[in-house]
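Residues per chain, in single letters:
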Amino acid sequence: NLGDPEKTKALLEEAGPLDVIVSNAATGVIRPFQELDEKHWDWTLNANARALFTIAREAAPTMPAGSSIVAISSLGADRVLDNYVLVGVSKATLEALVRYLAVELAPRDIRVNAVSAGLVETGALDYFPNREEMLRFYRERTPAGRLVEPEDVADAVCFLASPAAAM
């Protein structure tokens, strides 16, 4: 969990200066609002949003010009999904942070973007009680006739991290 500044510093000491950071944290408690408590809030927001804040703060001073930070967001950042209140709030926080970092780091020629891919069928969906309903809904509603796959997300991230996305 890179929301912990000590873990972040240790990672950066081992890895050295970074030219690409991908904040791909996706964890949280999938429950109705009334079943959540403060420890669920802390865990989810620290892992999904604070981690980007911490690693960007620690890494940016040594990142070379032309570097890129890409955060992976979620539909729940701007849509209400069942049992997704904490993850949705954490991803909305992440997207707001991306906007602020993009402006603050632009003078150093460090790009900051987010990818929100829609519903991607991964093991994370196993925690949703309405998994099958969600899959059916998004398959029927997607003009491409298929769901986004992890490789599609990776392709978008690779583009944003590349010099081709300089502007």
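Now for the layout of surface pockets. To locate leftover empty space, one rolls a probe as large as a water molecule over the atoms. Approximately 710 Å³ is the volume found for the largest pocket. Taken together, 31 residues line the largest pocket, and the ones lying closest to its centre are Ala 26, Tyr 84, Val 120, Thr 122 and Ala 124. For the lining of the largest pocket, the element with the most residues is helix H5 (residues 150-161), which contributes four residues. Here the residues of the lining of the largest pocket are counted per class, giving 22 nonpolar, eight polar and one charged.

Looking now at a nonpolar patch on the surface. On the surface, Phe 33, Trp 41, Val 85 and Val 89 cluster together into a nonpolar patch covering about 370 Å² of accessible area. Among the structural elements, Phe 33 can be located in the loop between strand S1 (20-23) and helix H2 (38-59).

Glancing now at the nonpolar core. Counting residues in hydrophobic clusters, the biggest one holds 18 residues, and the most contacted among them are Ile 21, Leu 52, Ile 69, Leu 101 and Leu 105. Only H2, strand S2 (68-72) and helix H3 (85-105) provide two or more residues apiece to this core. In terms of residues, this core owes the most to one element, H3, which gives five residues. Beyond its immediate sequence surroundings of up to four residues, Ile 21 is in contact with Ile 55, Ala 59, Met 63, Ser 68, Ile 69 and Val 70. Val 87, Leu 119, Leu 125 and Leu 147 belong to the second-largest nonpolar core, a separate cluster that totals 11 residues.

One pass over the structure, following the stated rule, counts one aromatic pair. Arranged with centres 5.0 Å apart and planes meeting at 90°, the rings of Phe 137 and Tyr 138 form a pair that is edge-to-face. By relative accessible area, which is 13% here, Tyr 138 ends up buried.

Our next topic: the environment of Asp 126. Along the chain, the position of Asp 126 falls in the loop between strand S3 (111-115) and helix H4 (131-141). For the pair formed by Asp 126 and Ala 154, sequence separation is 28 residues and the distance between their alpha carbons is 21 Å.

On to the environment of Val 20. As for its position among the elements, Val 20 is in strand S1. You can call Val 20 partly exposed: its relative accessible area is 34%. Residues contacting Val 20, with those up to four places away along its chain left out, are Met 63, Ser 68 and Ala 161.

Taken together, three strands build an open sheet; the order of strands is S1-S2-S3 and the sheet is parallel. Every other strand in the sheet has two partners, leaving S1 and S3 as the edge strands with one partner each. When strand polarity is set aside, the average angle formed by the axes of neighbouring strands in this sheet is 15°. Two elements, S1 and S2, share four bridges in a ladder whose sense is parallel. Following the sheet pairing, Ile 21 is matched in S2 by Ile 69. Against the sheet, H3 touches S1, S2 and S3, its axis set at about 160° to S3.

Conventions used here
Residues numbered from 1 in each chain as written. Predicted model: local features only at pLDDT ≥ 70, side-chain atom pairs only at ≥ 80, totals over all residues. Heavy atoms only, no water. 1 Å grid on protein atoms, 1.4 Å probe; cavity = no way out; pocket = protein on both sides within 12 Å on 5 of 7 lines; lining within 4 Å. Points joined across faces, edges and corners; volume = space filled by probe spheres on them. Helix = DSSP H or I, 4+ residues; strand = E, 2+ residues; numbered from the N terminus. Nonpolar A, V, L, I, M, F, W, Y, C, P; charged D, E, K, R; others polar. Patch = residues over 30% accessible without salt bridge, like charges linked within 9 Å, V, L, I, M, F, W, Y side chains within 5 Å. Areas by Shrake-Rupley, 256 points an atom, 1.4 Å probe, with all protein chains shown as cover. Salt bridge = Lys/Arg side-chain N within 4 Å of Asp/Glu carboxyl O. Core = buried A, V, L, I, M, F, W, Y, C linked by side-chain atoms within 4.5 Å. Buried < 20%, exposed > 50% of the residue type's maximum accessible area, 1.4 Å probe, protein only. Contact = heavy atoms within 4.5 Å. Phe/Tyr/Trp six-rings, centres within 6.5 Å; stacked < 30°, edge-to-face > 60°. Pairing = 2+ DSSP bridges. Axes fitted to C-alpha atoms, helices over the stretch in contact; angles between N-to-C directions.

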